Amino acid sequence: MASSTLIFSLIALILIITTIPHSMSSPVQGFAARLIHRDSPESPLYNPTATRAHLAQSARRRTIARQNYFNRLMSSGNKWGSSLISATLDQGHGDFIMQYKIGTPRVDTFGIFDTGSSLIWMQCEPCQKCYMQTIPIYDPAKSESYQKVKCGSVECSTTAYTSCTEDGECKYRIGYQDGSLTEGDIATETLMLEDDGLSGNVNLSNMVIGCGHYNLDPVEDYSPGVVGLSREPSSLVGQIGFRHVSYCIPSEDKGNRSSVKIGLPAVITEENTQTPMLSGKGGLYYLSLEGISVDGARLNIPRSVFDMTPEGDGGVIMDSGTSFTLIAPEGFGAVKQAVLDALSEFKPVEDSDKLYPFCYDDGRFKLETTPGIVFHFTRLDFPLAAGNTWIRNSQGHFCLAIRESVGNFNIFGLYQHRNANVGFDFNNNIVSLKYTDCQ
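Our subject in this report is the structure included herewith. Since the structure is predicted, the reported quantities are computational estimates derived from the model, not experimental observations. (Residues numbered from 1 in each chain as written. Predicted model: local features only at pLDDT ≥ 70, side-chain atom pairs only at ≥ 80, totals over all residues. Heavy atoms only, no water.)

As for its placement among the helices and strands, N410 is situated in strand β27 (residues 410-412). Among the residues examined, N410 registers a relative accessible area of 3% and is labelled buried. Within polar-contact distance, the side chain of N410 engages the backbone oxygen of V305 at 2.9 Å. Among the polar contacts made by the side chain of N410, one reaches the main-chain amide nitrogen of A328 at a distance of 2.8 Å. (Helix = DSSP H or I, 4+ residues; strand = E, 2+ residues; numbered from the N terminus. Buried < 20%, exposed > 50% of the residue type's maximum accessible area, 1.4 Å probe, protein only. Polar contact = N/O pair within 3.5 Å; in protein donor to acceptor, adjacent residues only side chain to side chain.)

Below is the structure:
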C-alpha cells in the first residue's frame, strides 16, 4: 500500500483548535510520513518464501474483501457508522503500510495506509482475543502517555463507532455480522512519525486511537492495525487539522517506498490537474466522473452509472485500500467489450489467478500497442498509462487490471493512479492527479 499532493499556517492553527485536541512538536507547515509496500523486503509483512502465485491469491482475497465491504456500505439498508458495516479487518485493507512509533517510551508499530478508514487503531494487550501479527502486540500498560477516553468528552463524541459503558468509559466496536471485528478502548496516546526528508521526526501527542482487545481477522492480514486517513474527524488527517494531503505510489520498477505528505508540502497548484471532490458517505473521497474513452472513442455509458443517488449510494470513490479500479456492471461491460474489440487480433484467455477479467498469452502482445483508456473527470481528462492498465498474472500473461464491481458503485483504485501525485485540497474541495516521478 506512497506519496505527495497558500500560506495557511494560521488556518492550520485555527483548525487544530476546532478538531480533536492534540499537539505537535513539528513545524506547523506540514510533514511527510514514509510508506512501504506490504510485499517489499523492507516491510514487516514481507514473506521471503511467497511465490508469485501466493501473492496473487493474497491480492485476490483482499480485493474480494474490499468489494464486499463497499457493497455492504452502499446497500440501502445500512447506515454509515453502524458497528455492523464499519471499516473492519475483513474490508481488505490496502497494499501500503505506514510505520510509526507509539507510547512513552516509544515502541515500533505500523498500520495499513487506508483512505477508506476513519480511525487509527491497533491490537492491544491484554488480549481477550487477538490474531497473529508480525511484531509484538502493543501493551498500553507500559506507556506513560496512554490515557483512556471518558464518555462525554470531545474525543469520544467526535470518534466514529463509539459507545459508552456504565462506568463512563468510551468504547469502540468495528465489525461485520460475519464475525470479523475489532473492539476495545478509545484512548489518547503519543505517536511519532519518522523523518522522511522534509520535517524531521514528528511527535503527535494526545492522538485519539482505538486500542483493540478483541480482534478477529479471517483474511489473515497480520497487520497490527490500520492508519485511517478518511475525511472523518477521528482519522489521522482529521485530527491533525491540516487542509492538504497528498500521496504518490510508484510502480514496481520505481521502487517500493514512498510517502504521504500532509500540510504545505502536499499543495498541488496546477489547475489542469484538478477535479472536484464531492461529499459522500463516511468521509470517503468521491470524484465526479463523466465518462470513459477507449482507443479514442467515448463509450456509450449513461452518466447515472457514475453519479451518486439522492440517498448517497453509488458514485465514484478514490480509495488507497482498493488495489484495482472497479466499475459498475453496465459501465464495465462497455469498457471490456471496447478493449476486446480493439485487440481483436489476439485471443483472450482466462486468468489462472481468477483475479482479472481476461488475459492475453501471445508473444506479439505489446503494452505500447494496447488501446488507450481515458477517464473523463469533471474538468480533467486522465489517461491511464499502459503499465497501469495491464498487469502480469502468476503465469506471466498480460491481464486487464480493471474489474467489474459487485454493486452499483465505482472505485478508482490504487493501481490505476500509480506514478501520479494524488492531492486532496479540503479548503477548495479539489482532487489533483498529476503524473510524476514518485521516488
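Further notes follow.
Scanning the entire structure with this criterion turns up six disulfides. Here C124 is linked by a disulfide to C211, with a sulfur-sulfur distance of 2.0 Å. For the disulfide bridge between C124 and C211, the dihedral angle about the S-S bond is near -110°, and by the sign convention the bridge is left-handed. A residue pair is termed long-range when its members are at least 10 positions apart, and C124 in the loop between β5 (120-123) and β6 (147-148) and C211 in strand β10 (residues 202-215) qualify at 87 residues. Pair check on accessibility: C124 and C211 agree, each one buried. (Disulfide = S-S within 2.5 Å.)

Here we take up the pairing of strand β16 (residues 289-294). Counting buried positions along β16 gives five out of six residues, so the element sits mostly inside the fold. Bridging between β16 and strand β22 (residues 373-377) involves five bridges; their strand directions are antiparallel. Its bridge partner lying in β22, L289 is registered against F377. Taken together, the two bridges between β16 and strand β17 (residues 297-298) define a ladder with antiparallel strand orientation. Directly across from S293, in β17, lies its bridge partner R298. Adjacent in sequence and paired antiparallel, β16 and β17 are bridged by two residues, among which D295 carries a positive phi angle near 55°. (Pairing = 2+ DSSP bridges.)

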